[in-house]
Amino acid sequence: MSDDKGIFSRIDDLVAEEHELRTKHAAGQVDNADEQARLKALEVELDQCWDLLRQRRAKREFGDNPDDAQARSTDTVEGYLN
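Conventions used here
Residues numbered from 1 in each chain as written. Predicted model: local features only at pLDDT ≥ 70, side-chain atom pairs only at ≥ 80, totals over all residues. Heavy atoms only, no water. Helix = DSSP H or I, 4+ residues; strand = E, 2+ residues; numbered from the N terminus. Salt bridge = Lys/Arg side-chain N within 4 Å of Asp/Glu carboxyl O. Core = buried A, V, L, I, M, F, W, Y, C linked by side-chain atoms within 4.5 Å. Buried < 20%, exposed > 50% of the residue type's maximum accessible area, 1.4 Å probe, protein only. Contact = heavy atoms within 4.5 Å.

## What about the environment of D3?
Of note, D3 is situated in the segment before α1 (4-26). Residues D3 and R57, 54 residues apart in the sequence, show an inter-C-alpha distance of 11 Å.

## Here's the deal with the pattern of salt bridges
Tallying each qualifying case throughout the model produces 10 salt bridges. When the shortest N-O distance is used, the salt bridge between E45 and R10 registers 2.8 Å. With a gap of 35 residues between them, E45 in helix α2 (residues 32-61) and R10 in helix α1 connect regions that are remote in the sequence. The partner of D51 in a salt bridge is R72, and the shortest N-O contact between them spans 2.8 Å. Of this pair, D51 sits in helix α2 while R72 sits in the loop between α2 and α3 (74-79), and the two are 21 residues apart along the sequence. Here the salt bridges share partners, and the residues they tie into one network are D4, R56, R60 and D67.

## Considering the nonpolar core
I7, I11, L14, L21, V30, L39, L42, L46, C49, L52, L53 and A69 together form the largest nonpolar core, which totals 12 residues. Among the secondary structure elements, those contributing two or more residues to this core are α1 and α2. With six residues, the single largest contributor to this core is α2. In this view, L21 contacts V30, E35, R38, L39 and L42; residues no more than four positions away in its chain are not counted.

## Digging into the side chain of D51
For D51, a relative accessible area of 3% corresponds to the buried category. Excluding its chain neighbours within four sequence positions, the residues that come into contact with D51 are R72, V77 and Y80.

What follows is the structure, given as structure tokens:
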């Protein structure tokens, strides 16, 4: 997931998984606890992907190498909202 295209592809995969999970939950194939746990994990990974894209764009905008951007930890990314 080192380039923008790869990151967007991962985001698409995560969103598709989220939709599939919600469909399975609605059909009774996944219980509430499993759905909530997986949704939280998907949300965190999506936040990390979006953060990485923002970092890459900022580096590109200021003449730095976007490939130097690194995915940040869950604690860092999720702490932005607090």
